[in-house]
Amino acid sequence: AMESVSHDQMPFAHGEIKKVPYVHGGFFGAAPFMLTNPHWIAILRILMPDVYVEISRRASYAPAPRLIHWAENNPVVAAYGTAHEIEF
């Protein structure tokens with residue numbers, strides 16, 4: 001089993017957790033980062049064109065913290081968050 005440098009990890013009764021079982025809101029807090037990535041914007045535009053139009057309009061006037069609510073439980077934002085989880 002892995003052990004942290006400061007020995008501050010907690011052991012779980014059923015062993016090491018190998019994957020994230022739940023992420024609140026599907027990484028919606030990562031939405032402003034996703035909106036700066038042309039690759040993920042293209043994915044959003046192709047898979048969810050109505051959402052893309054809505055958020056592209058909102059992004060022109062809303063500050064970054066106000067750009068996360070649309071992304072709660074959004075599957076494209078969840079995929080972005082999962083793909084970039086190690087960075088966060």
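First, a word on scope: everything that follows refers to the structure included in this document. (Residues numbered from 1 in each chain as written. Predicted model: local features only at pLDDT ≥ 70, side-chain atom pairs only at ≥ 80, totals over all residues. Heavy atoms only, no water.)

## Some remarks on the overall build of the protein
From N to C terminus, the protein includes four helices and zero strands. Secondary structure elements in the protein, listed N-terminal to C-terminal, are α-α-α-α. For the protein, buried positions account for 31% of its 88 residues. The contacts of the protein with a sequence gap of at least 6 include a subset with a gap of at least 24, amounting to 67%. Counting every atom, the protein has about 6,700 Å² of accessible surface; 62% of that belongs to carbon and sulfur. (Helix = DSSP H or I, 4+ residues; strand = E, 2+ residues; numbered from the N terminus. Buried < 20%, exposed > 50% of the residue type's maximum accessible area, 1.4 Å probe, protein only. Contact = heavy atoms within 4.5 Å. Areas by Shrake-Rupley, 256 points an atom, 1.4 Å probe, with all protein chains shown as cover.)

## Describing the side chain of N74
Tracing the backbone through its elements, the reader meets N74 in the loop between α3 (49-59) and α4 (75-83). There is a polar contact of 2.8 Å between the side chain of N74 and the backbone nitrogen of V76. Not counting the four nearest positions on each side in its chain, N74 is found in contact with G26, L44, M48 and V51. (Polar contact = N/O pair within 3.5 Å; in protein donor to acceptor, adjacent residues only side chain to side chain.)

## What to know about helix α2 (residues 38-47)
Within α2, the full set of buried residues consists of W40, I41, A42 and L44. Buried positions along α2 lie against α1 (31-34), α3 and α4. Taking the backbone nitrogen of H39 as reference, a side-chain oxygen 3.0 Å away marks N37 as the first, capping residue of α2.

## Structural notes on the environment of T36
On the secondary structure map, T36 appears in the loop between α1 and α2. From its side chain, T36 meets the backbone oxygen of F33 in a polar contact 2.7 Å long.

## Overview of the pattern of salt bridges
This structure, assessed with the given rule, holds one salt bridge. We note a salt bridge from E54 to R58, for which the minimum N-O separation is 2.3 Å. Of this pair, E54 and R58 are both found in helix α3, four residues apart, which corresponds to roughly one turn of the helix. Looking at E54, the relative accessible area reads 39%, which means it is partly exposed. (Salt bridge = Lys/Arg side-chain N within 4 Å of Asp/Glu carboxyl O.)

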